[in-house]
Amino acid sequence: MSISNFQDIKKDFPIFSRKINGKNIIYLDSAATTQKPNEVINSISDYYKNYNSNIHRGIYSISIEATELYENARNTLAKFINANSSRELVFTRNATEAINLVANTWIPSNLKEGDSIILTEMEHHSNLVPWQIIAKKLKLNLKFIKIQTDGSLILDNLEELFKENAKFLSLTHVSNVLGTINPIKDIISKAHNHGITTLVDAAQSVPHMSVDVQTIDSDFFVFSGHKMLGPSGIGVLHTKKKILENMEPFLYGGDMISNVSLNDAQWNEIPWKFEAGTPNIVGAIGLGKAVDYLNNLGMSNVHKHEQELYSYAVEKFSDLKEFKIFGLENKNSTGCVMSFSYSDFHPHDIASILDGESIAVRAGHHCAQPLMEKLGVPATTRASFYVYNDESDIDKLFDGLQKVRSVLT
Ligand SMILES: Cc1ncc(COP(=O)(O)O)c(C=O)c1O
């Protein structure tokens, strides 16, 4: 499928029929969150119109149907990432909550003072701050895989890093700033050779490329629904069954128990023992529909489409003076994000002038301040692409950037 085959897609997304100041919305901030197709939006209203009830407890028809829709969504998600079983998938609020779940349950039961957690210098704050907190609490050390200027990880000294008391490794599959695809399969296999347990932050990979958790083989694997056409407030933690069965619950309350007396309680089976209280039922159902939509497009087509857009943008923007794309030299990139600097114009000025043209880009540190420091800038402007973007969006961004220069010089 080429760029042109994706061109009709915009009509599936009602937001693109909206105009701001008479201009079509050019949405280039999908790394932050994605727009939603009619299928997802309709599934939400359909649920509230026809099925609304609580799940796992009612013995009346609409509750049984709602439970089925919720659990079917889990099955759809499990197939999408090729999990061994849907019982390995816990619904969370988002990737951040899934990481916090692991940091607050698995880590305290398995690591002790002096042990190390390995991270990389390119992590989103969501895959950094939870480890900082638990490390302080349990007196653990944090160690970092460094990056080089092209945005790739320096992997020569991995064996060295993995030796001393390293017990846990958590790293991103794809950088939300540079789009770099990390060779996680290789890194995880080396970590496992040293008995290190692993987590992959797949918030920026699952939406953009086909992933197979059995091949990747990480012990934990997390992602967010809103970054892949699904509703906000729903995310996934995938964990190998044996690990999940032996983990303590994160939150306590209704639905996560099998039996409760006044002074004690026993836990439900996995994955429900990790889903305390009424979950985001409609969020899960909507996310299942988003996956159906992506499956229809084909994830290899999605990946190809984004790479074509990225190449088109790189070529087009090579005509702009003093325009620098970060991580351009790195060939192993999804093509879904393009972080750039433009002359000495401040990213916030760039973004607000573009907003005047109804072009949405992100300006700032992208929740990755240590990476910004490494790149030697306080902030960048980031355009990120998804299935509904096309060449005309990039042409508009190009025109918008010409306007930025004329306004700021
Ligand atoms: C790489 C990466 N990890 C984690 C997150 C956190 O995602 P959420 O805010 O949906 O929990 C993001 C969000 O931008 C991200 O890009």
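Along every chain, residues carry numbers that run from 1 in the direction the sequence is written. Thresholds applied to this predicted model are a pLDDT of at least 70 for local features of residues and 80 or more for the giving and counting of side-chain atom pairs; totals over whole chains, interfaces and linings are not thresholded and use all residues.

**So, the pairing of strand β17 (residues 380-384)**
Rules: Burial is judged by counting other C-beta atoms within 10 Å of a residue's own C-beta: 20 or more means buried, 12 or fewer means exposed, and anything between counts as partly exposed, with every C-beta placed from the backbone. The helix count covers DSSP runs of H or I at least four residues long, the strand count covers runs of E at least two residues long, and both are numbered beginning at the N terminus. Being paired, for any two strands, means DSSP has found at least two bridges between them.
Within β17, five of the five residues are buried, which leaves the element mostly enclosed by the surrounding structure. Burial along β17 is two-sided: T380, R382 and S384 facing one way and T381 and A383 facing the other are all buried. By the bridge criterion, four bridges tie strand β14 (residues 337-342) to β17 in an arrangement that is antiparallel. Opposite S339, over in β17, you have R382 as the bridge partner.

**Things to note about the environment of T172**
Checked against the element boundaries, T172 lands in strand β7 (residues 166-172). On the basis of neighbour count, T172 is assigned to the buried category, with 29 C-beta atoms found within 10 Å. Residues T172 and F221 lie 49 residues apart in sequence; the distance between their C-alpha atoms is 9.8 Å.

**A few points about helix α1 (residues 38-50)**
To be explicit about the condition: Here, expected helix span is obtained from the residue count minus one, scaled by 1.5 Å. When we speak of the arc, we mean the arc of directions from the helix axis to the C-beta atoms. Here the contact rule is simple: place C-beta atoms from the backbone, and any two residues whose C-beta atoms are within 7 Å are in contact.
Here α1 contains 13 residues, and its C-alpha end-to-end distance of 17 Å stays within 8% of the 18 Å for a straight helix at 1.5 Å per residue. All buried positions along α1 are accounted for by V40, S43 and Y47. Burial along α1 is one-sided: seen end-on, the buried residues are contained in an arc of 55°. Exposed residues on α1 whose side chains face more than 90 degrees from its buried face are S45, Y48, K49 and N50. Packed against the buried residues of α1 are α9 (281-297).

**What to know about the sheet that holds strand β16 (residues 362-364)**
In any sheet, the strands associate via hydrogen bonds between backbone groups, in a parallel or an antiparallel arrangement. Applicable threshold: Axis definition: a line fitted to C-alpha atoms, limited for helices to the stretch in contact. Angles are taken between N-to-C directions and run from 0 to 180 degrees.
The strand order across the open sheet built from four strands is β13-β14-β17-β16, with neighbouring strands paired in antiparallel fashion. If you trace the sheet from one side to the other, it starts and ends with β13 (323-325) and β16, each paired once. With direction set aside, neighbouring strand axes in the sheet form an average angle of 30°. Bridging between β13 and β14 involves three bridges; their strand directions are antiparallel. When the sheet's bridge partners are listed, I325 is paired in β14 with F340.

Don't take any of this as a statement about function, it's just geometry.
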